[in-house]
Each structure stands twice: as structure tokens, then as C-alpha cells.
Amino acid sequence: MIPEIGHVALIIAFILAVIQALVPLVGAQIGKTRWVNMATPVARGHLFFIVLAYACLSYSFLVNDFSVRYVASTSNTALPLLYKISGVWGAHEGSLLLWALLLSSWTVVVSIFSKGIPKIMLARVISVMGMVSVGFISFMLFTSNPFVRLFPAPVDGRSLNPLLQDPGLAIHPPMLYMGYVGFSVAFAFSIAAMIDGKLDSAWARWVRPWTNIAWVFMTLGIALGSWWAYYELGWGGWWFWDPVENASLMPWLVGTALIHSLAVTEKRAAFKSWTVLLAIFAFSLSLLGTFLVRSGVLTSVHAFATDPARGVFILVFLIIVVGGSLLLYAWRAPSLRSVGQFSIVSRETGLLLNNVILATMAGTVLLGTLYPLVLDALGVGKISVGPPYFNQVMVWLAVPLYSLMGLGFFLRWKKDSVSRLSRKIVIPLSVSLVIAVLLPLLFAPEQSGLTFIGLISASWVALTALLWLLNSNTSPFKLPVSTWGAVIAHIGMAVTVTGITLTSVYSHEKDVRLAPGEFYEIGDYQFKLIGVKEVRRDNYIAYQGIVEASEAGQHLVFLHPEKRTYSQSSMPMTEAAIDAGLFRDLFVALGEPLGDESWSLRIYHKPFVRWIWLGALIMAFGGLLAAMDKRYRRYTKTHAEVAK
């Protein structure tokens, strides 16, 4: 009975989404105030029924209702409670329901915190988000219904993908989806502004906090995915340029450009076309990520679906969203003409180049991700575009980007001079050069070009942000919260770049064969295999290694890497053991038995790897501070009073 209630709730949510998409929009066009006023109540009703549907599916997981096909395919009686809860979004159908839940939640939150926005504008925004909801709920009802019954019901289910039976993957998808869905707010505001034919500084202020919040969730989601891959997959890497990893990186890059473009639109009434197009493509790339993950066109540890019909549905939806948005842009482009003028040497020029580079980065990732798929679809052959392509291209794009990140703080709006700028940057540039030359000497006598580029870039970004803060005309503590957010986010990027540079250049790894009592040395560290034993848990059996790690002859820690085999699955899983530290990680993964009681082990010493995710946390904190600036709320209230 509960699954049937969930199915009916989903149908009612679909009907309300259609009403939400059409009635307020039409009312705004023909001047029907009552229709406009329906936007918020209908959106709340839509959310209620989506929550009900989600609760019904969650209940089915908790009570092991294997008559529901989705539950039977992703859960079993031995699955721990945490993974029954996260199993709701652990596969295709449930992840779509989570997307719909988050989208309807974002819509209601926007309606609550945007009371100062003119009602007609808010009604249009809610209508556009309703249109997106119609697409996703249609997708569920027609191709991916999570409430389909299974007769006869099996006694026990299969299981959640063993890769997903991990705390990191329990929270990674909701974080990432919050970012994906969050970009729909900027998209909806852009479509609403183009329908209205008016895009001004007030509009930019309405959009900025929502875009920052979406970017924060996206940053955290990508960082969590990277962290999970590092400790769960057993190969010690933090980014592999996997197509699904790329699918999340592309909207993040475009979203980063959108944040900066909105600043120019707000302060200087410039970059209007840039801002609208970036909002469209940030959300479109989020939809593209959905297509890649769920269409079956690629193979990835992250991918869910392999049903071509689902892929066609999402592809058509993507074409409608992108094509319709660009047609509307082409119609309204003359009204989006920027009025702010600026010289070659100015902050606007720096931010324009910033947008160009970030968009080029996103395009580079898009090309490398889709090119093999297009060739395969055309029957030309199968090729692989891997890390060498992405690493080489992205490094050369990153260098000018980091240069602009530092220069941007010192550039003046509208017009500046090269001589004044040169005087401002001489100190941070000199100190950055010293750091880039001397710091590597602490790790090795020889230096590489990559080390120099990475360290001078990171030092430059951090020092320029700090010096600009200290040299501001007012006390740093009197500066707007959004200014602090920008400085902190740039420092976070510097921390991440430092981590990427040092761990890429100075990491050591080795695949070794060890018998109990034998050891292997990497640098000052010694890894000794004590033994391997079998352990049993509720949902898996594992061989667990006992490895003693020592430094300069002094005991540090016992590490316990595992090779697991989960119930209902014959696929062995590697669970690495990591001794984590701020300045280095010791990483051991257990391989296969090699006979004579010997085992293969993969051993890593990874300096500063934690700085990659520490920097992401700092960036997210900076983005959150920027979104909390009181100026946005104060301006919204003032604008509402003027509108009255």
C-alpha cells in the first residue's frame, strides 16, 4: 500500500508542477494577479507531495519491502541502516527522486527568502523551476518509476553497489545534487529576466547569493567525491579525469565564471550577455552530467543506468532546455546591451579574461569527455582521452588564470594604469618567487618546472589576496562580508594548488610482495607486514592485513587494509588503510595472495595530499560568507519598498 501512495503522490506532484510551470507565467504575461499569487502555494504543495513520495520510498527500504523492484535491486536484509537510508538515492530511480526533492526544496526556499523581489519576477522564476520539475518528474513516471512492483517478491534483495557502501558516498550525492539543482535558480532568474526584457544591477543582486550557495555545495560535492575515490578505490589518486568526474567539474568551472560575471553586472552594469549565457550553460552542463551518468553512453564507477531509452529522454530534455534558452536569448539579446564602459587596463578586463579562461577550461573538459563518445557513436572507432591530455592543457590554462586572480585584487574599476599596477604587485610577486625557489629545497635538492609553476601560482594568489585586504582604505573588519568571502575563497584555491603541486611531484608509490615479517622502505618510512587474517561483518567478509608503519626506526601506527567481498556480490573491494596527517599520508592497500603466505601490497607516501580537500573546504567557507552578505537582503528590501 505504501508504494502505491508514493506513486500517487508522484503523479499529484507532476500535476502541481505543470500548474506551477504554466499558471503563474501566463498570469504574469496577461496581468492576472490571482494567477501570479498562485506560484508560491502551488510550489509548496508540489514540495509536500514530493516529500511524501520520498518518504514512501524510504519506508520501503527500511522495512525491506522487496516487492518494490527498486528496493529489491539495491538493498537486502543484511544491509546496515545507514546504507538503507542512502540506498534510496544509491541507484538511478532513487537519485532522480532525490533530484526532484531538492529542486522542489530550492523552489520553496527561493520563494521564502525572496519576498522583497517583485511578485511578477518571482512568479516567473518559480514557473521556470516548475518547468524543470515537469521534465524530471516526467522522466521518473515514464521511464524510471521507483515504485514499480515486482511479482513474485523475492525473499531477499540483491544489494547496494559495494562501492556505494561507504559513509563518504552516503553524503556525496546529496551535496553534488544540491549544487547541480542550485544552478537552476540562476538559470530561472536569467530566463525570467529575458522574458521581462530587463536585466539590471538589482537583478544581479537577487541572483548572486543563490549562485554562491549552489557553488558552495558543488565545491563540497566535488571535494567529497575526490576524497572518496582517494581512500575507497585503492589506487591512491584523488582525480582521474573520469567522465563522471568531468561532468561535475564543468558546471563548477562555468559557475565560478558566473559568480565573477555577476559581480561586474551588479557593480558596473556590464557583462549582461556573459552573465545570462553563463547561467544557461552552468545549468545545462548540470543536465549534461545527468545525461552522461544515466544514459549508459559511458562506463564509470559513478554511472548508474544503461537503458538507452532513458538516455534519449534526457537528451531531448537537454536539447529543449538549451535550445529554448538560446532562442530566447537571441530574441532578447538587444535588450541585454551593457552600458558600462571600461579601458584595457581595468578590473572589468581582468574579469572578462577570467571568464574566457574558465569557459575555455570547461570547453576543454567537454571536448575531452565527449569526443571519444562521438567517435564511438559514429562507428569511427574507440579512443581514450585520459589524464595526459587534460593535465597538459589545464596546466597551461591555469597559469594565466592564477595570474589574473592576483592582479584582479589590485586593478581598479573602469580604468587603471600599468605603472600604478606594477608598483602594487612588486612585493607579492617577489615574495612568491622566493617561496617557489626555496620551499622545494626542503623536499629534494632538485627542482622541477611543475613545482615552480605550482608554488609561485599558489603563493601569488594567497599573498595578493592578503595584501589587498591589509592595504584596503578601511579597516579589514569593516569590510563587507562578501569581500572577506572573496579573499578566503582565493586563499582556499591557493591551498588546493599547493596540495596538488606537492603531492603530484613528491609522492612515492610502490607495488610490493611481502610475507609476514618482511618490510619495505619508502624514504624514511618502513612498512612491515605482520600478517593477514579473515574478518566477518554483517554484510561482507574480508581479508584484513596488519601492517606496522615506522619512521626512522620509531613505531608510528598499525594499518589495517582490507580486501572485502560483500554479500550478494562476488566483486572484491579494496579498503585502503591510511594514516592521515596535515603534511603527509601513509597509504596501504591490500592486493591479492601470491602464495607462500605472501601478499601484494600497494604502498604510498603522499605529502600534503590533505591540502587539496582542506583548500576546497576553505573555498566553500568563503563562498558561504559571500552569500551571507547583509547588503543583498538590505538591497532587496529597499527595492521592494521603491517598487511599492
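Scroll up a little and you will see the structure.
An account of the accompanying structure is given in this report. (Residues numbered from 1 in each chain as written. Predicted model: local features only at pLDDT ≥ 70, side-chain atom pairs only at ≥ 80, totals over all residues. Heavy atoms only, no water.)

With that out of the way, let us pick up the packing of helix H9 (residues 201–232) against helix H10 (residues 243–268). Relative orientation of the contacting elements H9 and H10 amounts to 155°, with a least axis distance of 9 Å. Relative to H10, the element H9 lies roughly antiparallel. Of the two elements, H9 crosses H10, and the hand of that crossing is left-handed. Of the residues in H10, those touching H9 at Ser201, Trp203, Ala204, Arg205, Val207, Arg208, Thr211, Asn212, Trp215, Met218, Thr219 and Ile222 are Ser248, Leu249, Pro251, Trp252, Gly255, Thr256, Leu258, Ile259, Leu262, Ala263, Thr265 and Glu266. (Axes fitted to C-alpha atoms, helices over the stretch in contact; angles between N-to-C directions. Helix = DSSP H or I, 4+ residues; strand = E, 2+ residues; numbered from the N terminus. Parallel < 35°, antiparallel > 145°, perpendicular 65-115°, else oblique. Left-handed = near helix turned anticlockwise from the far one by under 90°. Contact = heavy atoms within 4.5 Å.)

What follows covers H9. For H9, spanning 32 residues, the distance from its first C-alpha to its last is 46 Å, which sits close to the expected 46 Å at 1.5 Å a residue. At Val207, H9 shows its strongest bend, of approximately 30°, with the proline Pro209 following within four residues. Taken across its 32 residues, H9 has 28 buried, putting it largely inside the fold. Looking one or two places after H9, you find Gly234, whose phi comes out positive at around 85°. (Expected span 1.5 Å × (residues − 1). Bend = angle between axes of the 7 residues up to and from the residue. Buried < 20%, exposed > 50% of the residue type's maximum accessible area, 1.4 Å probe, protein only.)

As summarised here, the arrangement of the four strands in space is E1-E10-E9-E8, forming an open sheet in which the pairing is antiparallel. Looking at strand neighbours, the two that pair on one side only are strand E1 (508–514) and strand E8 (577–579), the edges of this open sheet. Between one strand and the next, the sheet's axes are offset by a mean angle of 20°, whatever the strand orientation. As defined by bridge partners, strand E9 (residues 584–595) adjoins strand E10 (residues 598–607) across nine bridges and the pair is classed as antiparallel. Within E10, the residue paired with Phe587 across the bridge is Tyr604. This element, helix H17 (residues 481–506), spans E1 and E10 of the sheet and lies at about 135° to E10. (Pairing = 2+ DSSP bridges.)

This part covers the packing of aromatic side chains. A ring pair, where both rings are aromatic, is described by two values, the distance of the centres and the angle of the planes. One pass over the structure, following the stated rule, counts 26 aromatic pairs. For the pair Tyr540 and Tyr566, a centre-to-centre distance of 5.3 Å together with 50° between the ring planes defines the contact as tilted. Here Tyr540, found in strand E4 (residues 540–551), pairs with Tyr566, found in strand E6 (residues 562–566); they are 26 residues apart in sequence, far enough to count as distant. Taking relative accessible area as the criterion, Tyr540 reaches 10% and is therefore assigned buried. Looking at Tyr566, the relative accessible area reads 3%, which means it is buried. Site record: aromatic cluster; members linked through ring pairs are Trp99, Phe136, Tyr177, Tyr180 and Phe317. The lysine or arginine in question, Arg332, covers the ring of Trp331, its NZ or CZ lying 4.2 Å from the ring centre. (Phe/Tyr/Trp six-rings, centres within 6.5 Å; stacked < 30°, edge-to-face > 60°. Lys NZ or Arg CZ within 6 Å of the ring centre and 35° of its normal.)

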